[in-house]
Structure formats: C-alpha cells, structure tokens
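Per-entry structural report
Single-letter residue listing:
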Amino acid sequence: MMLRVTSASLCASCQRMRLLLPPSVSASSLTPPIKRQENQRTVSSLYELSVDIRKVRKFKGWVLSERTAYVSETADLLRDMGADATVIARILETHPEAILCRPEEVTAQRDLWESVCSSKRTLLNIIEKFPASFFSVNHHSNQRDNIHYLQSLQLCKRIISKLMASAPHSFSQPVESNKEVINTLRETYLDLGGDEVNLRIWLQKLLTQNPHILLRPAEAWRDSLSFLREQGFTTEELLSLVSSLRASIAELKPESMQQALDYTEGALDCSKDELKKVVIRCPAILYYSVAMLAGRFQGLMDAGVSTQQVKESPNVLELTTQIVLYRIQKLASYGYNVRSGSLDLIVGTKKDFEMTYTKLNLRQQRPLFNPVAPPRSVED
C-alpha cells in the first residue's frame, strides 16, 4: 500500500514539473542528445597518418562525425609543400577542420598564399604555426582582394604574410574596411608633418608592431588624435607620440587617457607644460591605467625616490616596482646611490641596464692614474 502511494506521488510530481516547463521545451529535449556516429573511414585515415585520435576526439570530436572529409587530399597537399609525416600529423591534430576543406579550395588558398611567401617552406612554416588562418577558405575572395591592395602599397611580402598569419580576421573582412584604415593612417602621418617618401616604411613599422591594427576602426584613430590635439600638443609632438605609440594609439580611449593625465599631473605636482614634456618622454603613461600608475609611483616613493627625480626621468614608470628595486640594489653594490643621483641609469631594457652596471663595475675596479706620481721600479 505504501509503495503504491509513493509511486503515485512521484508520478504526480513529474506531471507538475512538466507543467512548469516552458512550452519551447519538448519532451524529447529532456532526454540526453544522441551522440553522432563517427565516420570510421575518416578515423582510419587519420590513424594511418599517426594523428592522435584521442586528442581530436577530445577537442574537435564533431569533425570525426562529418560525412565528407578529405584526409588524404589534405595530407598530399601538405606533403607537396615539404611537410613530413610528423608535421602533417601535428597540423591535423591542431586544426582537424582542415580535412573538411575541399581540395580545390585549399589549392587556390595555397596559390594565393604562395604569392606573398618567398618559398613553399616559408608557407609551410606559417601553416604549422597558424593552421586556422591558412585553412579559412571561406574568405578566399576577401583575402585575395586585401593581398592585392597591400601589394599595391608596395609593402614587402614578409609583412603581408605575417599579417595574414597572425591577424587573419583583417584579411577576412572586405577590402574597403582596410582601405579606410590605411587612408586614415596616411592622412594622419602626412598631416603631422611626415613625408610621402617615408610613408611606406612608417606603415610597415606600424603593421609589424601590431598586426591587428587594421581591425581597429578609423574613427578610433581620429578620436585619439583629436583628444591629444586638445591637450595642446604641437604637430611635431603629435608625430613623435604617434611614432612612439604606433598601433597602440588606436586602442586608446579619450576617457582613459584623461584619467591617466589627471593622475600624473597630480602625483608629480606639475604644470600643463611640464606634463606634456613628461608624456613626450614616457608616452606609455597614456595607456597605463590609473591603478598601475599609482602602484608604480607609490613603489618609487617607498624606495626613497623623489617626485622631482620621477619628473626628470618619467620613463622609470615603464618598469615594475620589482625591477626598480632590483636595479637600485644592483647599482648600490657598486657604490652608486640612485636616490641622490639620476634615475636615467636604471631605465631602459635589461640589456641597457646590464651595460650600465658593467661600466660602473669596470670604473670601480680600474685603479686611478696619477700623472704626477713618480714611476715605480721593478724592485719596488
């Protein structure tokens, strides 16, 4: 009797739960989805190529269930470019979706990419590092148009191939979008006093530093430059800032730059003109958050550095507090007191600093030469 009552209660509860479910949820959706059956031909072909099936199954298992796959054709194409068995297996493990691309599409993609690569080996190296970029055949026409446009700008092949590999989305979008950004960069450079002769070199430096620059809307460049003009920077100073910040300037927002400038002006207790000089010497201030600036400034104060020293060598703010403390202690071991001297000795790259304290060490070890002292004989 008790069993019958319990069963009836459970059934009633199930009915109430079904009534509470939204109409869009059908009874079939309450059951777990049926796992798609793997294409055994695909699995066998990949196994013969020594591809780690377990890895593919774990991360891209849906590929193994597709009805149509071109495993041998994809492997042949890679082999034709000089890939050995190990490289082929590694590429297909990393990006198994490659086997779903039709051979004629991959062939067209190979021919297109070879037009900006110095050799098949160079292209293969790119595919090893960025297989997803190469096998994005759905945007072939946009890639072709963007390549032709960048070639018309006389950019070198190495720059174009690097862009295609590391920032494929910029080549997948319509060429008109990239033209707008490039035209904005060109206008910016020329308006700030740059000349047409050096424009190509300047563009290549920008694109090399940040391949994703073409994905930033042209308005972002205009907004950032307009803000900096409003701060009173001259044309020459703006060109210096743009050349230093390069692609980063397109990622800056006027609000965040204003906050960084306000904090720096207050922390260093400087005038507007002094603030401009600080920014020119350390453009990184513009893209550091207030929290980061505050942390580094406080770290310098705790280390005994004065505000005036920071104002004179503002690029010390590019270093973390840990690096600053290490370098201060390193120089102190050679008898140099940074707190009473210049901070210029601790700024710069690791290589720059190593050269600095090496010179100090040599100066410490070298005996002083007294030109009026009498010569000492061998017996002495």
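These numbers come from a predicted model, not from an experiment.

**With respect to the nonpolar core**
In terms of nonpolar packing, the biggest core is built from 104 residues, with F135, L185, L228, L286, V316 and I346 touching the most fellow members. Excluding anything up to four places from it in sequence, L228 contacts F233, L238, L241, I249, M257 and L286.

**Details of the packing of aromatic side chains**
For the structure on display, the rule yields four aromatic pairs. Judged by centre distance (5.5 Å) and plane angle (80°), the ring pair of W113 and F134 falls under edge-to-face. With W113 in helix α6 (residues 103-114) and F134 in helix α8 (residues 131-134), the pair connects residues that are 21 residues apart, well separated along the chain. Here W113 matches F134 in class, with each residue buried.

**Observations regarding unusual backbone geometry**
One non-glycine residue, S50, lies in positive phi territory at about 65°. Within the element layout of this structure, S50 appears in the loop between α2 (40-48) and α3 (53-60). By relative accessible area, which is 57% here, S50 ends up exposed. Despite not being glycine, Q154 has its phi angle at roughly 65°, a positive value. Along the chain, Q154 turns up in the loop between α9 (140-152) and α10 (157-166). Residue Q154 is classed as exposed on the basis of its relative accessible area, which comes to 59%.

**With respect to the confidence of the model for the protein chain**
Confidence along the protein chain averages 84 in pLDDT terms, with 85% of residues attaining 70 or more. Note that residues 1-31 has pLDDT below 50 and, in this model, two contacts with residues that lie over four places away or in other chains.

Reading the values: the criteria
- Residues numbered from 1 in each chain as written.
- Predicted model: local features only at pLDDT ≥ 70, side-chain atom pairs only at ≥ 80, totals over all residues.
- Heavy atoms only, no water.
- Core = buried A, V, L, I, M, F, W, Y, C linked by side-chain atoms within 4.5 Å.
- Buried < 20%, exposed > 50% of the residue type's maximum accessible area, 1.4 Å probe, protein only.
- Contact = heavy atoms within 4.5 Å.
- Phe/Tyr/Trp six-rings, centres within 6.5 Å; stacked < 30°, edge-to-face > 60°.
- Helix = DSSP H or I, 4+ residues; strand = E, 2+ residues; numbered from the N terminus.
- pLDDT = per-residue confidence, 0-100.

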